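# Overview (structure and organization)
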Amino acid sequence: MRSDDYSIRTATPADLDAARAVMLDTVYRDFGTGYVPRWHGDVIDLAGAYVTPDRHTLLVAVDAEGAVVATGALDSRGPAHPPNPAHVAERYPSGVTAQLRRVYVRPEHRRRRLARRLVDELLAFAAADGWYRAVYLHTDPAVTGAEPFWRSLAKVVHDEREDAGGGQGIVHFDVPLAGLAGVREV
């Protein structure tokens, strides 16, 4: 299948179980952690985390048969300290930071630009909102392909592997958001 053979859309209530399955499969297979409530609580309550709040969204990529094969989400919660470094949390405060989350693609559907298409749609959502001043994300570089993908789209603002003791080993990114000049005043 080519990238054009998939559709990207806002998740509907009927998509939530399939989206959750993509996410849980990813945390078990790619992260090797399994479900950890303090890290993955949003995955269990996708509606409460991404569908119901006005400034949040959950997108899905659907194949020709209608199966959800990839996800991408955005919310207005900046990174918390702890566990993230204080200077990162201060740079990306909640309310004015769009945080990209759960950009996951099933392995058999990777290398078809689905993640890139999801991110483009999420950035368009953030720009259209008008209140976001920055876009932030973090990734675990142990996940195959994640760090190079994000480095191709974003700027590293902190790499915890360079900290004394290695921190959590997470890489934090700032993602350019076109149209920030039209941001509303708070």
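Look up: the structure comes first, before these words.
Please read these numbers as outputs of a predicted model, since none were measured by experiment. (Residues numbered from 1 in each chain as written. Predicted model: local features only at pLDDT ≥ 70, side-chain atom pairs only at ≥ 80, totals over all residues. Heavy atoms only, no water.)

### Considerations on the overall build of the protein
Within the protein, the secondary structure is distributed over six helices and seven strands. Each helix and strand of the protein, placed in order from N terminus to C terminus, yields the pattern β-α-α-α-β-β-α-β-α-β-α-β-β. Burial status across the protein gives 49% buried among its 186 residues. Long-range contacts, defined here as pairs at least 24 residues apart, represent 66% of the contacts in the protein between residues at least 6 apart. Surface summary for the protein: the accessible area is close to 9,200 Å², and the carbon and sulfur share equals 52%. Within the protein, the 25 negative side-chain charges are centred at a point lying 2 Å from the centre of the 22 positive side-chain charges. (Helix = DSSP H or I, 4+ residues; strand = E, 2+ residues; numbered from the N terminus. Buried < 20%, exposed > 50% of the residue type's maximum accessible area, 1.4 Å probe, protein only. Contact = heavy atoms within 4.5 Å. Areas by Shrake-Rupley, 256 points an atom, 1.4 Å probe, with all protein chains shown as cover. Lys, Arg positive; Asp, Glu negative; His and termini not counted. Charge placed at Lys NZ, Arg CZ, Asp CG, Glu CD.)

### Looking at the sheet that holds strand E1 (residues 7–10)
Pairing between sheet strands relies on hydrogen bonds along the backbone, with the strands arranged either parallel or antiparallel. Here seven strands make up an open sheet; going across it, the order is E1-E2-E3-E4-E5-E7-E6 and the pairing mixed. Each of the sheet's edge strands pairs with one partner strand only, and the pair in question is E1 and strand E6 (155–159). Within this sheet the neighbouring strands show an average axis-to-axis angle of 25 degrees, counted without direction. Here strand E2 (residues 57–62) pairs with strand E3 (residues 68–75) via six bridges, running antiparallel. Note on E3: the bridge partner recorded for Val60 is Thr71. Its contacts with the sheet place helix H5 (residues 114–129) against E1, E2, E3, strand E4 (97–105), strand E5 (134–139) and strand E7 (171–175), and it is angled at close to 30 degrees to E3. Strand contacts of helix H6 (residues 146–153): E4, E5, E6 and E7, with the helix running at about 30 degrees to E7, the strand carrying the most contacts. (Pairing = 2+ DSSP bridges. Axes fitted to C-alpha atoms, helices over the stretch in contact; angles between N-to-C directions.)

### Some thoughts on the packing of aromatic side chains
The full count for this structure, using the stated rule, is three aromatic pairs. A centroid spacing of 5.0 Å and a plane angle of 40 degrees characterise the contact between Tyr92 and Tyr136, whose relative ring orientation is tilted. Of this pair, Tyr92 sits in the loop between helix H4 (86–91) and E4 while Tyr136 is found in strand E5, placing the two residues 44 residues apart along the sequence. The class for Tyr136 is buried, based on a relative accessible area of 0%. With centroids separated by 4.8 Å and ring planes inclined at 70 degrees, the aromatic side chains of Phe149 and Trp150 adopt a geometry described as edge-to-face. (Phe/Tyr/Trp six-rings, centres within 6.5 Å; stacked < 30°, edge-to-face > 60°.)

### Remarks on the environment of Trp131
With respect to the secondary-structure elements, Trp131 resides in the loop between H5 and E5. Given the relative accessible area of 28%, Trp131 is considered partly exposed. Considering only alpha carbons, one finds Trp131 and Ala70, 61 residues apart in sequence, at a separation of 27 Å.

### Some points on the pairing of E4
Within E4, nine of the nine residues are buried, which leaves the element mostly enclosed by the surrounding structure. Pairing of E3 with E4, which is carried by five bridges, proceeds in the antiparallel orientation. Following the sheet pairing, Thr71 is matched in E4 by Tyr104.

### A word on the nonpolar core
Counting residues in each nonpolar core, the largest one holds 28 residues, and the members touching the most others are Leu74, Leu100, Val119, Val135, Trp150 and Val175. Going through the elements one at a time, E2, E3, E4, H5, E5, H6 and E7 are the ones with two or more residues in this core. Of the residues forming this core, the biggest block, seven residues, is contributed by H5. Once you skip the residues sitting within four places of it in the chain, Val135 turns out to touch Tyr92, Ala98, Leu100, Leu123, Phe173, Asp174, Val175 and Leu177. (Core = buried A, V, L, I, M, F, W, Y, C linked by side-chain atoms within 4.5 Å.)

### Description of the pattern of salt bridges
As a working rule, side chains carrying opposite charge can pair if their charged atoms are close by. Under the definition given, this model contains 14 salt bridges. A salt bridge links Arg9 to Asp15, with the shortest nitrogen-to-oxygen separation between them at 2.5 Å. Linking Arg161 and Glu147 is a salt bridge whose minimum nitrogen-to-oxygen distance equals 2.7 Å. Taken together, the residues span a long stretch of sequence, with Arg161 in the loop between E6 and E7 and Glu147 in helix H6 at a distance of 14 residues. Accessibility expressed as a relative area gives 40% for Arg161, which makes it partly exposed. For Glu147, a relative accessible area of 13% translates into the label buried. (Salt bridge = Lys/Arg side-chain N within 4 Å of Asp/Glu carboxyl O.)

Purely geometric numbers; function is a separate question.
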